Amino acid sequence: MRPVVPIVAALAIVVLGVPTARAPGLQPGNARAADCIWQRHTKRIVKRLHRHGRVRTVFRRRYWWTCAPVPPPAAESTPTTTGPAAPGPATGEPEPGPGPEANRVSVRAGEYFFVLSRPNVRTGEVTVELNNQGEDPHDLNLEREGGGEPPGQISVTPSQEQRVAQFALSAGTYRLWCSLPGHEERGMHATLVVE
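This is a predicted model, so every value here is computed, not measured.

A. Focus on the pairing of strand E1 (residues 36-51). Where E1 meets strand E2 (residues 54-69), 16 bridges bridge the pair, whose relative direction is antiparallel. If you follow Gln-39 over to E2, its bridge partner there is Thr-66. Between E1 and the antiparallel strand that follows it, E2, lie two residues; His-52 among them carries a positive phi value of about 50°.

Rendered as structure tokens:
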């Protein structure tokens, strides 16, 4: 008799896209949506229906999203010899900071919710990606609580598509919401903190 747990874990990876300990880079202890690049997949499904003595062929498409892990930044290599350390760069240039993905937030939208890949980002240029995984079109508006800045917007995004926009955000708490009729009232709102 086969053990049930490995089969369930394999099905969770294949069917649901759930990260488990077997998925490289996404283990339960370190799996975060901020470490994801969301990828859309499509599968063509062909069904043959028998109705009223006739065979009818129906074509459908199935869509789903998976999280591909963002490769970790290149770690500094540790010397394998016990000799002196290699000298640093002689140009006097400062070391580069974290890459552009450090100030990026992905917003997953569905009926009727927003899920942020991270709760806070740094001030400055922030890349916001709206992934509409729902069946209805959605948009994204963001406004600093207390005003002072014009609100930003990502236009209406059709089902199963994504849009990316960049905003110059100062420190504060920002309210995100969908402005389509009735969507915010049903729960399509979130909060993003800019530090």
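Don't stop here, the text continues.
B. Representation of the sheet that holds strand E4 (residues 113-116). Pairing is mixed across the open sheet formed by four strands, whose spatial order is E4-E3-E6-E9. Only two strands of the sheet have a single neighbouring strand rather than two, namely E4 and strand E9 (162-169). Between one strand and the next, the sheet's axes are offset by a mean angle of 25°, whatever the strand orientation. Pairing of strand E6 (residues 124-132) with E9, which is carried by eight bridges, proceeds in the antiparallel orientation. From the neighbouring strand, Glu-125 faces E9, where its bridge partner is Ala-168.

C. Spotlight on the side chain of Ser-106. Relative to the assigned elements, Ser-106 resides in strand E3 (residues 104-110). A polar contact is formed between the side chain of Ser-106 and the side chain of Asn-131, at a distance of 3.0 Å. Other than its neighbours up to four places away in sequence, Ser-106 contacts Trp-38, Val-115, Leu-116, Ser-117, Glu-129 and Asn-131.

D. View of the confidence of the model for the protein. Of the residues in the protein, 66% have a pLDDT of 70 or more, and the chain-wide mean is 74. Residue range residues 18-31 is modelled with pLDDT below 50. Its contacts to residues more than four positions away, or to other chains, number 20 contacts. Scored below 50 in pLDDT, residues 77-97 shows zero contacts in the model against residues more than four places distant or in partner chains.

What counts and what doesn't
Residues numbered from 1 in each chain as written. Predicted model: local features only at pLDDT ≥ 70, side-chain atom pairs only at ≥ 80, totals over all residues. Heavy atoms only, no water. Pairing = 2+ DSSP bridges. Helix = DSSP H or I, 4+ residues; strand = E, 2+ residues; numbered from the N terminus. Axes fitted to C-alpha atoms, helices over the stretch in contact; angles between N-to-C directions. Polar contact = N/O pair within 3.5 Å; in protein donor to acceptor, adjacent residues only side chain to side chain. Contact = heavy atoms within 4.5 Å. pLDDT = per-residue confidence, 0-100.

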